[in-house]
Amino acid sequence: MTLTNSTQTALDDLYENARQAARNSYSPYSRFRVGAALRLTNGEIVTGTNVENVSYGLTICAERSAVTAAVAQFGPAIRIEAVAVANLNEAASPPCGACRQVLAEFVLPEAPVIFPAEDGARVLPFSAILPLAFEMKPK
Ligand code: THU
C-alpha cells in the first residue's frame, strides 16, 4: 500500500500504541503478548490486548478487545480509519479471521492495517485482508 510520509508516521505512532498495549497482555497460557490500536474517525485512539482464559476458547484477542473498548467508550456509531496490531514476541501476527470479521463491522474498507509480518511491519488496506466478509443483506 502506498502511503504519504505523514500517513506512514501516523501509522508508526499507532503501531507504537499497539506495542504499549501488548505490555498489558494477560497471556499466561500462550505467552503471546498482543496489542491492538485503532484510530477512529473522531481522532481518538483506542487500544486493546489479548485476555486469555483457562478455558482456552474463551480467550479474547487484542483486536476484538480494542473494538469492544472503542464501542464502550465512544458509542455504536464509531468508524475505524486505521488499525495496528503488534506483539512483544517478535513474531509475524496478522489479525486472525474472527477479528477481521469483527473489525469489518466498523472499519472503513480502505483503512490501512499495519501488522508484523515475516520481513517486518506490513501495511495492507482492510479490504485486502478480508475480501468477501460475511454480510446479511436480505433480498
Ligand atoms: N491473538 C490475538 O490477540 N490476536 C490475533 O489476531 C490472533 C491471536 C492472541 C490470542 C491468544 O491469546 C494468543 O494470541 C495466541 O493465540
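The rules behind the values
- Per chain, the residues get numbers from 1 upward, laid out in the order the sequence is written.
- Residues qualify for local features only when their pLDDT is at least 70, as the model is predicted, and side-chain atom pairs are given and counted only at 80 or more; totals for whole chains, interfaces and linings, by contrast, use all residues.
- Side-chain descriptors were evaluated using all non-hydrogen atoms of the structure, hydrogens and water having been removed beforehand.
- Put simply, DSSP H or I for four residues or longer makes a helix, DSSP E for two residues or longer makes a strand, and each gets a number counted from the N terminus.
- To estimate how far a helix should extend, the number of its residues minus one is multiplied by 1.5 Å.
- In this scheme, a residue with accessible area under 20% of its type's maximum is buried, one over 50% is exposed, and one in between is partly exposed, where area comes from a 1.4 Å probe on protein chains only.
- To obtain the arc, one takes the directions from the helix axis to the C-beta atoms.
- The pairing criterion is simple: DSSP has to find at least two bridges between the two strands.
- Note on definitions. A residue lies near a molecule or strand when any single heavy atom of the residue is within 4 Å of it.
- Side-chain atoms alone can form a polar contact between residues adjacent in sequence; in general such a contact is a pair of N or O atoms within 3.5 Å, and within protein one must be able to donate a hydrogen while the other accepts it.
- Note on areas: these come from Shrake-Rupley sampling with a 1.4 Å probe, and a residue is covered only by the protein chains present in the view.
- Using protein atoms alone on a 1 Å grid, points that fit a 1.4 Å probe yet trap it form a cavity, whereas open point sets bounded by protein on both sides within 12 Å along at least five of seven lines form a pocket; residues with an atom within 4 Å of a point count as lining.
- Those molecules having more than half of their atoms within 2 Å of a cavity or pocket grid point set are described as sitting in that cavity or pocket.
- All amino acids are sorted into three groups, where Ala, Val, Leu, Ile, Met, Phe, Trp, Tyr, Cys and Pro are nonpolar, Asp, Glu, Lys and Arg are charged, and the leftover types, Gly among them, are polar.
- Any Lys or Arg side-chain nitrogen found within 4 Å of a carboxyl oxygen on Asp or Glu counts as a salt bridge.
- Grid points are joined across faces, edges and corners, and a volume is the space filled by probe spheres set on the points.
- Only residues whose relative accessible area exceeds 30% and that form no salt bridge enter a patch; like-charged residues are grouped when within 9 Å of one another, and nonpolar side chains (Val, Leu, Ile, Met, Phe, Trp, Tyr) when within 5 Å.

J.: What am I meant to see in helix H1 (residues 5–22) here?
T.: In an α-helix there are 3.6 residues to a turn, and that puts residues three or four apart on one side. In a regular helix each residue adds 1.5 Å, so 18 residues correspond to 26 Å; H1 covers 26 Å between its end C-alpha atoms and thus fits that length. Taken residue by residue, H1 has Leu11, Leu14, Tyr15, Ala18, Ala21 and Ala22 as its buried positions. Seen along its axis, H1 keeps its buried residues to an arc of 115°; they face one direction. Those residues of H1 that are exposed and aimed more than 90 degrees away from the buried face are Asn5 and Ser6.

J.: Before we go on, may I ask you to explain the pairing of strand S1 (residues 34–40) in this structure?
T.: Within a regular strand, the side chains alternate between the two sheet faces. Counting buried positions over the 7 residues of S1 gives 6, a clear majority of the element. Across 7 bridges, the pairing between S1 and strand S3 (residues 80–87) is antiparallel. Pairing of Arg39 across the sheet is with Ala82, part of S3. Two elements, S1 and strand S2 (residues 45–49), share 5 bridges in a ladder whose sense is antiparallel. Residue pairing for S2: Ala36 is matched across the bridge by Gly48. Where S1 hands over to S2, the hairpin turn is made up of 4 residues, of which Gly43 adopts a positive phi near 90°.

J.: How do you make sense of the site of the ligand when you look at a structure like this?
T.: Neighbouring the ligand are Ser30, Phe32, Val34, Asn50, Glu52, Thr59, Cys61, Ala62, Glu63, Pro95 and Cys96. At 2.9 Å from an oxygen atom of the ligand is found a side-chain nitrogen or oxygen belonging to Asn50. Side-chain polar atom of Glu52 to an oxygen atom of the ligand: 2.4 Å apart, as the coordinates give it. Taking 370 Å² as the accessible area of the ligand by itself, protein coverage stands at 77%. More than half of the atoms of the ligand fall within 2 Å of the grid points belonging to the largest pocket. The class makeup of the residues in the shell around the ligand is 6 nonpolar, 3 polar and 2 charged.

J.: Any chance you could explain the pattern of salt bridges here in plain terms?
T.: Note on pairing: side chains with opposite charge can pair once their charged atoms come close. In this structure the tally under the stated criterion is 2 salt bridges. Note that Glu81 and Arg39 form a salt bridge whose closest N and O atoms lie 2.8 Å from each other. Note that Glu81 is positioned in strand S3 and Arg39 in strand S1, a separation of 42 residues in sequence. Its relative accessible area of 26% is what places Glu81 among the partly exposed residues. The salt bridge involving Lys137 is made with Glu135; its shortest N-O contact spans 3.6 Å.

J.: Can you walk me through the layout of surface pockets in this structure?
T.: Empty space left among the atoms is revealed by rolling a probe the size of a water molecule over them. By volume, the largest pocket is sized at about 160 Å³. Phe32, Val34, Cys61, Glu63 and Cys96 are, among the 14 residues lining the largest pocket, the residues nearest its centre. Its residues assigned to classes, the lining of the largest pocket shows 8 nonpolar, 4 polar and 2 charged.

J.: I would appreciate a short explanation of a nonpolar patch on the surface in the present structure.
T.: Residues Tyr26, Tyr29, Val51, Val54 and Tyr56 make up a contiguous nonpolar surface patch of roughly 540 Å² in combined accessible area. Among the structural elements, Tyr29 can be located in the loop between H1 and S1. Given a relative accessible area of 36%, Tyr29 falls into the partly exposed group.

J.: What should I look at first to understand helix H2 (residues 62–74) in this one?
T.: A rise of 1.5 Å per residue sets the reference length of H2, with its 13 residues, at 18 Å; its end C-alpha atoms lie 18 Å apart and thus fit the reference within 8%. Along H2, the positions that sit buried rather than exposed are Ala62, Glu63, Ser65, Ala66, Val67 and Ala70. Within two residues after H2, Gly75 carries a phi angle of roughly 95°, on the positive side.

This is a description of form; function is not addressed.
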